[in-house]
Amino acid sequence: AEELGVFAEPEMITRDITSQDKIIVLASDGVFEFLTNQSVIDICAKFSDPLEACRAVVAESYELWLQYELRTDDITMICIFVDDVASDNNSVSHSLYESENTAPGDEASAKVAFDLVDGYIPVEGSKPVRNRLSKEKSQALEKMKTKLTKNNGELEDLENVDINELITEKSSEEKAHIAEAIRASVMFQNITDIQREMIFGVMESIPVKKGEWVIRQDTVGDRFYIVDDGKFEVRIVPDGETDTRGDGGNIVHVYDGSRENHAHPSFGELALMYSAPRAASIIAQTDGHLWALHRFAFRKVLLDKPERKELVQVLQRLTHFKDQDEVELKNVADSMEEITYGSGDTIVKQGDAGDCFFVISSGHCECTQEENNGEEIRTELKIDEYFGEEVLSGADEYYKATLKALSTTTCWKLEKASLKKTMASFRYKRNKVETNIA
């Protein structure tokens, strides 16, 4: 069990408290399945009462579990607000002890300390502090986002969507409410400031009356909702049963939104990625107000990035694309996925079978190539430089060097399979247009 990270003995973490420390959070793994350290601190920083901060984080975590899983892990949290410390030079050493407060069969989760500015505090302990989503959840979300940006059928529909026609004016207060709601969401972690403003603009304002059905279980969803104000019941009819009462089934949760308390829960996040039957019904328990984001609008915002124009210019430098015109390259750029790596992450390893090509859009990487005589050749790759052209062109099936992120680095990633599918679809549509003209 220890090889898998399960320890019988509780772990003790010790750190001196200083005047720069404002918030301490101790929480079980269930909190951090879908929330990063920074997301938790962002939520806590909105409150003056640590108990209300705990409630908000636990509610947000629980809601994300319901959206992505059919179960939840243990979700336990303690929040401490540090008002003042007597002296930095004579600070008192506090010990944060790990305790077991999990359901039977669950492993005890590590408790860690966080800092308002730095996101997490380096501490003494036998295990590393998690500062990103769990590996399993990150991989699952990456697969979902890959489908989101590569669904060629919907890309054809998006060509007819004018993003400017969807934008409505929002007040500064309304933008602040939306920003609070999406801050902790995994779907909006890596958006740019320009994209954030576009998302504010395309959000639909939806007033709701008590008793109104927002979502019906088993109907196909196409919108993500933010509760601006009001209470909304989550009702589920178990598999194999029918809604004989006509009320949507049993209440399993209540989303409670409040402008006064800065509480803006959200639901329906998966609808931004693909069409799928809703897993529950949502019914207004009171009069309220929602913000809604349509999947097409969200995808259009992701695809209409200014950076993609620069990406086309990078692709034009590649020998592999020397016979493609600018329109074809724009389609290739639209099919590329943006992915972020942490400092020290190995993106690819020399000798591994390769199927992806990378263009660096932010940060920088170290490229290390080991020669036959054991000598290593190291070069640094920066913004708009690329890697993996050999596997894209088919000149080699294996990567010729190891690529490692030297800082938090964002890359555009293009898979060979996606490239073939994109080019085939584009050429089919072009030939069809030319045939109709002839």
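Residues numbered from 1 in each chain as written. Predicted model: local features only at pLDDT ≥ 70, side-chain atom pairs only at ≥ 80, totals over all residues. Heavy atoms only, no water.

### Some points on the overall build of the protein chain
Now for step 1: Each helix and strand counted, the protein chain has twelve helices and 19 strands in total.
Now for step 2: The 438 residues of the protein chain split such that 44% are buried.
Now for step 3: Sequence separation of 24 or more characterises 78% of the internal contacts of the protein chain that already satisfy a separation of 6 or more.
Now for step 4: A total of about 23200 Å² of accessible surface is found on the protein chain, and carbon and sulfur atoms cover 47% of it. (Helix = DSSP H or I, 4+ residues; strand = E, 2+ residues; numbered from the N terminus. Buried < 20%, exposed > 50% of the residue type's maximum accessible area, 1.4 Å probe, protein only. Contact = heavy atoms within 4.5 Å. Areas by Shrake-Rupley, 256 points an atom, 1.4 Å probe, with all protein chains shown as cover.)

### Quick notes on the sheet that holds strand 15 (residues 365–370)
Backbone hydrogen bonds are what pair the strands of a sheet, in a parallel or an antiparallel way.
Now for step 1: Overall, antiparallel pairing links the four strands, which are arranged 13-18-15-16 in an open sheet. Strands with a single pairing partner mark the edges of an open sheet, and in this sheet they are strand 13 (346–348) and strand 16 (376–381). Strand-to-strand twist of the sheet, defined as the mean angle between neighbouring strand axes without regard to direction, takes the value 25°.
Now for step 2: Here strand 15 runs beside strand 16; their pairing, made up of six bridges, is antiparallel. Of the residues in strand 16, the one forming a bridge with cysteine 365 is leucine 381. (Pairing = 2+ DSSP bridges. Axes fitted to C-alpha atoms, helices over the stretch in contact; angles between N-to-C directions.)

### With respect to the sheet that holds strand 19 (residues 409–415)
Now for step 1: Read from one edge to the other, the open sheet built from four strands follows the order 12-19-14-17, with strand pairing classed as antiparallel. Every interior strand has two partners, whereas the edge strands, strand 12 (337–341) and strand 17 (386–387), have only one.
Now for step 2: Pairing geometry for strand 14 (residues 356–362) and strand 19, over six bridges, is antiparallel. In the strand pairing of strand 19, serine 362 is matched with threonine 410.

### Section: the packing of aromatic side chains
Now for step 1: On inspection of all chains with the given rule, the structure shows four aromatic pairs.
Now for step 2: Aromatic side chains tyrosine 225 and phenylalanine 267 sit 5.3 Å apart centroid to centroid with 25° between the ring planes, which places their arrangement in the stacked category. Taken together, the positions of tyrosine 225 in strand 7 (residues 223–236) and phenylalanine 267 in strand 9 (residues 266–267) put the pair 42 residues apart, joining distant regions of the chain. Accessibility classification places tyrosine 225 together with phenylalanine 267 in one group, the buried group.
Now for step 3: Arranged with centres 5.8 Å apart and planes meeting at 45°, the rings of phenylalanine 357 and tyrosine 386 form a pair that is tilted. Taken together, the residues span a long stretch of sequence, with phenylalanine 357 in strand 14 and tyrosine 386 in strand 17 at a distance of 29 residues.
Now for step 4: Note on phenylalanine 357: relative accessible area 0%, which makes it buried.
Now for step 5: Classification of tyrosine 386 as partly exposed rests on a relative accessible area of 26%.
Now for step 6: By way of ring pairs, the aromatic residues Tyr225, Tyr255 and Phe267 are connected into one cluster.
Now for step 7: The cationic tip of arginine 216 hangs over the ring face of tryptophan 213; the distance from NZ or CZ to the ring centre is 3.9 Å. (Phe/Tyr/Trp six-rings, centres within 6.5 Å; stacked < 30°, edge-to-face > 60°. Lys NZ or Arg CZ within 6 Å of the ring centre and 35° of its normal.)

### Digging into the environment of aspartate 243
Now for step 1: The topology assignment puts aspartate 243 in the loop between strand 7 and strand 8 (250–257).
Now for step 2: On the accessibility criterion, aspartate 243 (32% relative accessible area) is partly exposed.
Now for step 3: Apart from the residues within four sequence positions on either side, aspartate 243 is in contact with Trp213, Val237, Gly248 and Gly249.
Now for step 4: Of the polar contacts made by the side chain of aspartate 243, one reaches the backbone nitrogen of aspartate 247; its length is 3.3 Å.
Now for step 5: Within the structure, aspartate 243 has its side chain in polar contact with the backbone nitrogen of glycine 248 (distance 2.9 Å). (Polar contact = N/O pair within 3.5 Å; in protein donor to acceptor, adjacent residues only side chain to side chain.)

### Quick word on the nonpolar core
Now for step 1: Of all hydrophobic cores here, the largest spans 23 residues; its most connected members are Phe188, Ile199, Met203, Phe224, Ile226, Leu293 and Phe298.
Now for step 2: When residues of this core are traced back to their parent elements, those giving at least two are helix 6 (172–182), helix 7 (193–202), strand 7, strand 11 (288–294) and helix 8 (295–303).
Now for step 3: Beyond its immediate sequence surroundings of up to four residues, methionine 203 is in contact with Thr168, Lys170, Ile178, Phe224, Ile226, Trp291, Ala292 and Leu293. (Core = buried A, V, L, I, M, F, W, Y, C linked by side-chain atoms within 4.5 Å.)

### Brief notes about the environment of glycine 363
Now for step 1: Note on placement: glycine 363 falls in the loop between strand 14 and strand 15.
Now for step 2: Here the alpha-carbon distance between glycine 363 and cysteine 411, two residues 48 residues apart in the chain, equals 8.7 Å.
Now for step 3: In contact with glycine 363, not counting residues within four places along its chain, are Lys382, Ile383, Ser407, Thr408 and Thr409.

### Looking at unusual backbone geometry
Now for step 1: A positive phi angle, near 80°, is found at aspartate 218, a position not held by glycine.
Now for step 2: As for its position among the elements, aspartate 218 is in the loop between strand 6 (213–215) and strand 7.
Now for step 3: Classification of aspartate 218 as exposed rests on a relative accessible area of 59%.
Now for step 4: Positive phi values are uncommon outside glycine, yet aspartate 384 reaches one of about 75°.
Now for step 5: Its location among the elements puts aspartate 384 in the loop between strand 16 and strand 17.

### Some details on the side chain of lysine 170
Now for step 1: In this fold, lysine 170 is placed in the loop between helix 5 (163–166) and helix 6.
Now for step 2: No salt bridge is formed by the buried lysine 170; its nearest oppositely charged neighbour, glutamate 174, is found at 6.4 Å.
Now for step 3: There is a polar contact of 3.0 Å between the side chain of lysine 170 and the backbone oxygen of phenylalanine 200.
Now for step 4: Engagement of the side chain of lysine 170 in a polar contact is seen with the backbone oxygen of glycine 201, the distance being 3.0 Å. (Lys, Arg positive; Asp, Glu negative; His and termini not counted. Salt bridge = Lys/Arg side-chain N within 4 Å of Asp/Glu carboxyl O.)

### Notes on helix 1 (residues 37–44)
Now for step 1: In terms of residue burial, helix 1 counts as a mostly covered element, since seven of its eight residues are buried.
Now for step 2: Those residues of helix 1 not exposed but buried are Asn37, Ser39, Val40, Ile41, Asp42, Ile43 and Cys44.

Function-wise, these values are silent; they only describe arrangement.
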